[in-house]
Amino acid sequence: MNILAGLVALSTVLLCIAALPSAAQETGAEQPGAAEEPSRVHAIAMYGDPAHKPGYTHLSYANPDAPQGGRISHGVIGTFDSLNPFILKSMRTTARGLWDPQLGSNMYFESLMFRSRDEPFTLYGLLAESVRMPDDRSWIEFHLNPDARWHDGKPVTPEDVIFTYELLTEKGRPPFSSRSRRIEAIEKTGELSVKFTFNEQSDREFPLIIAGFTPVLPKHAIDPETFDGSTLDPMVGSGPYRLSRVEPGKKVVYKRDPGYWGKDLPVHKGFFNFDEVAVEYFTQAGSLFEAFKKGIVDIYKDGDPAHWERAYDFPAVTKGDIVKKEFIAGDPANMLAFIFNTRRPLFTDRNLREALSNAFDFEKINRNLFFNAYKRTTSFWQGSELASTGRPANARELELLGDAAQSIQPEILDGTWRPAITDGSGSDRKVLRKVFSQLKKAGYKRQGSLLVTPDGAPVAFEVMTRDISEEKLALSFKDTLARLGITLNVRTVDDAQYQKRLQTFDYDMIIAAYSASLSPGIEQLWRWGSQARDAEGSFNYAGIADPAIDRLIEAMVALRSREDFAAAVRALDRLLLSGHYVIPLYHLPGERFAHRAYLAYPEKTALYGNQFPVWWHKQP
């Protein structure tokens, strides 16, 4: 079926899930009157004006004078079996770098606009030279850069943009496959122009999702019939790098294209400075670190405070060939947590989830494993104005919550809630007595050495882990729970098995992190929404299906003022915390990296922290 022809019919389908963080407000461009046609602008923003005006030379966190050349080698844990990052079959096993926020989303494939990582949510022209959008955001029109070219030299056209949406709707993975449900029509409006008209399912964020978070694919170089099959044949991209070497499951190497069409664009000044970017794959963190010590890998991200303190006593560090750096960002800390799978009957009970959360001995783990380097996480938007902890719900939050406010615990509603604090022994009797009393009140009881449910079944579950660091954390928790008569089994599996079970929600509990942003948006439905609960491959790891959460997220992306938006996010934070869907763990103040001394980066750290695309080689 021609998907474009069927878009109008699709307008009755339920609200879909979009992907990447953002919020809802007004375009940064000065808007004309309602009766006037909007003019073309170079950038759009969700809040206020874009930081960079027309004629800007480079983004604020890049060094436009960075030298070009040299090589950088990244290391990752896992494997890969595909070079197509846009299909479900390779959703978790695609080679890194093709469509990768950490290494650079637009390194190989490109979107119509480029997101600045130094602003909450602002997009600047990339494949699209300019953009038009009315104040009500009912449509958006992109004017393509006439110089934009695919790797084979053919021009990027409006037909490519239209083809991409038809293809990804039929053959792509979520969220790409569902975006057309909010589009009334896509039409070519000029030799280089393409216009998206949205239906009633759209929201104020969605035009920016279209602009900045959807790749454009080449119509002339893709066979739709075979697109949804995993492949190790390189696809044709338009970005600054081409694939030069692929060792399935082990290594992928990108080589900078000297004839890249967009090398002089201001969004790329100071970006993508290396002639070659390699990604090496390893089965475990220990192997990756040994490769770093030997010089096979140039950068090691270290999230283990004990390792950070103890592991760098080797010659390359002593001689200054390796340096350690901590990047302090301005965005909220990520929510690292034990995540309950509420699809499991045991974890449908919120009382049990809260009790298990209260039993977690953060103080013991922080002292014994991490040199007291961590801080306890208490919000899904920790350390920002969007966090609910430490502030009572205001009138606007209560209005947005409506009747759902009655389901929120009073201490979470008034902002006084904090996770339980222990003496750090792992057997704080005061805390454990309180936890047991809570369980007893909910109908749980001891039978001999075991805790049993109100139905008489033993309270036992499994944590699925990926590596030794997660295993250590889970084993420490296991020791504490054993004192309550709760059986916790720890199962560490290889990456392929982990990803398969994650996609199909085949676990009791996992340890994972939810990324945080100053501009959360419709992607929250993909994490917490009812429609994502049973959507294979979604990020609704906890299996949440709560109409109040659905309604609040939808309201959040429709609000226009920053004050209303912040109130909506804090209200969502309270609902999530009160549901006890996760056991919040901890966070570091910044990101820690060890790297080869010949690598450099700008003095200014972006709002969203370290950005690898702006690094360079000192002596290429």
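Refer to the preceding data block for the structure.
*Asks:* Could you give me a rundown of the pattern of salt bridges, with the residues and numbers involved?
*Replies:* Per the counting criterion, the structure on display carries 29 salt bridges. Ionic pairing is found between Arg592 and Glu326, a salt bridge with its closest N-O pair at 3.7 Å. One end of the pair, Arg592, is in strand 25 (residues 591–596); the other, Glu326, is in strand 15 (residues 322–327), with 266 residues separating them in the sequence. Overall, the relative accessible area of 31% leaves Glu326 in the partly exposed class. A salt bridge links Arg344 to Asp508, with the nearest nitrogen and oxygen atoms 2.6 Å apart. Pair noted here: Arg344 is in the loop between strand 16 (335–340) and helix 6 (350–359) and Asp508 is in the loop between helix 12 (495–503) and strand 22 (509–514), with a separation of 164 residues, a long-range link.

*Asks:* Explain the side chain of Arg596 residue by residue, including any values.
*Replies:* Take Arg596: it is sitting in strand 25. Although buried, Arg596 forms no salt bridge, and the nearest oppositely charged side chain, Asp298, lies 4.5 Å from it. Here the side chain of Arg596 touches Lys293 through a polar contact of 3.5 Å, landing on its backbone oxygen. Residues in contact with Arg596, not counting those within four places in the same chain, are Phe292, Lys293, Lys294, Gly295, Val297, Asp298, Ala316, Asp321 and Ile322.

*Asks:* I'd like a rundown of the pairing of strand 8 (residues 183–190), residues and numbers included.
*Replies:* Sheet topology note: the strand 8/strand 9 (residues 193–198) ladder contains six bridges and is antiparallel. If you follow Lys188 over to strand 9, its bridge partner there is Val194. Count of turn residues in the strand 8/strand 9 antiparallel hairpin: two residues.

*Asks:* Can you explain the packing of helix 6 against helix 10 (residues 429–441)? Please cite residues and give values.
*Replies:* Between helix 6 and helix 10, the shortest axis-to-axis distance is 9 Å and the interhelical angle comes to 175 degrees. Considering their axes alone, helix 6 and helix 10 lie roughly antiparallel with respect to each other. In contact with Asn351, Leu352, Glu354, Ala355, Asn358 and Ala359 of helix 6, helix 10 contributes Val431, Val435, Gln438 and Leu439. By residue class, the composition of the contact of helix 6 with helix 10 is six nonpolar, three polar and one charged.

*Asks:* With reference to specific residues and values, describe helix 6.
*Replies:* Of all 10 residues in helix 6, eight are buried, a share of seventy percent or more. All of the buried residues in helix 6 are Leu352, Arg353, Glu354, Ala355, Leu356, Ser357, Asn358 and Ala359. Residues of helix 6 that are buried in the fold lie against strand 16, helix 10, strand 20 (460–465), helix 11 (468–482), helix 15 (562–579) and strand 23 (582–584). Its side-chain oxygen placed 2.9 Å from the backbone nitrogen of Asn351, Asp349 serves as the N-cap of helix 6.

*Asks:* Can you break down the packing of helix 14 (residues 547–556) against helix 15 residue by residue, with the values?
*Replies:* It is the contact of helix 14 with helix 15, at a shortest axis distance of 9 Å, that shows an interaxial angle of 160 degrees. Relative to helix 15, the element helix 14 is oriented roughly antiparallel. The hand of the helix 14/helix 15 crossing is left-handed. Facing helix 14, whose interface residues are Ala548, Ile549, Leu552, Ile553 and Met556, helix 15 presents Phe565, Ala568, Val569, Ala571, Leu572, Leu575 and Leu576. When the residues that make up the contact of helix 14 with helix 15 are grouped by side-chain class, the tally is 12 nonpolar, no polar and no charged.

*Asks:* Quick rundown of the nonpolar core? Include the residues and the values.
*Replies:* Ranked by internal contacts, the top residues of the largest apolar core, which has 132 residues, are Ile44, Phe142 and Phe196. Core analysis: the next-biggest nonpolar cluster, separate from the first, contains 35 residues, Leu432, Leu451, Leu481 and Leu484 among them.

*Asks:* Lay out the packing of aromatic side chains in plain terms, naming residues and giving numbers.
*Replies:* Applying the stated criterion to the full structure yields 44 aromatic pairs. Centroid distance Tyr56 to Tyr124: 5.1 Å. Interplanar angle 50 degrees. Geometry classified as tilted. Residue Tyr56 is located in the loop between strand 1 (43–45) and strand 2 (71–77), and its partner Tyr124 is located in strand 5 (residues 122–125); the two are separated by 68 residues in the primary sequence. A centroid spacing of 6.1 Å and a plane angle of 85 degrees characterise the contact between Phe539 and Tyr541, whose relative ring orientation is edge-to-face.

*Asks:* For unusual backbone geometry, give the residues involved together with the corresponding values.
*Replies:* With an omega of 0 degrees, the peptide bond running from Pro174 to Pro175 counts as cis. By the secondary structure assignment, Pro175 is in the loop between helix 1 (158–171) and strand 8. The backbone of Phe371 shows a phi angle near 55 degrees, a positive value even though the residue is not glycine. Within the secondary structure layout, Phe371 lies in the loop between helix 7 (362–370) and strand 17 (375–376).

*Asks:* Give a detailed account of helix 3 (residues 285–294), specifying residues and quantitative values.
*Replies:* Turning to helix 3, its buried residues number three or more, namely Leu288, Phe289, Ala291 and Phe292. Projected down its long axis, helix 3 carries its buried residues within an arc of 160 degrees, all on one side. Contact partners of the buried residues in helix 3: strand 2, strand 13 (276–282), strand 14 (299–301), helix 4 (305–310), strand 15 and strand 25. Looking one or two places after helix 3, you find Gly295, whose phi comes out positive at around 90 degrees.

Basis of the calculations
Residues numbered from 1 in each chain as written. Predicted model: local features only at pLDDT ≥ 70, side-chain atom pairs only at ≥ 80, totals over all residues. Heavy atoms only, no water. Salt bridge = Lys/Arg side-chain N within 4 Å of Asp/Glu carboxyl O. Helix = DSSP H or I, 4+ residues; strand = E, 2+ residues; numbered from the N terminus. Buried < 20%, exposed > 50% of the residue type's maximum accessible area, 1.4 Å probe, protein only. Lys, Arg positive; Asp, Glu negative; His and termini not counted. Polar contact = N/O pair within 3.5 Å; in protein donor to acceptor, adjacent residues only side chain to side chain. Contact = heavy atoms within 4.5 Å. Pairing = 2+ DSSP bridges. Axes fitted to C-alpha atoms, helices over the stretch in contact; angles between N-to-C directions. Parallel < 35°, antiparallel > 145°, perpendicular 65-115°, else oblique. Nonpolar A, V, L, I, M, F, W, Y, C, P; charged D, E, K, R; others polar. Left-handed = near helix turned anticlockwise from the far one by under 90°. Core = buried A, V, L, I, M, F, W, Y, C linked by side-chain atoms within 4.5 Å. Phe/Tyr/Trp six-rings, centres within 6.5 Å; stacked < 30°, edge-to-face > 60°. Arc of directions from axis to C-beta.

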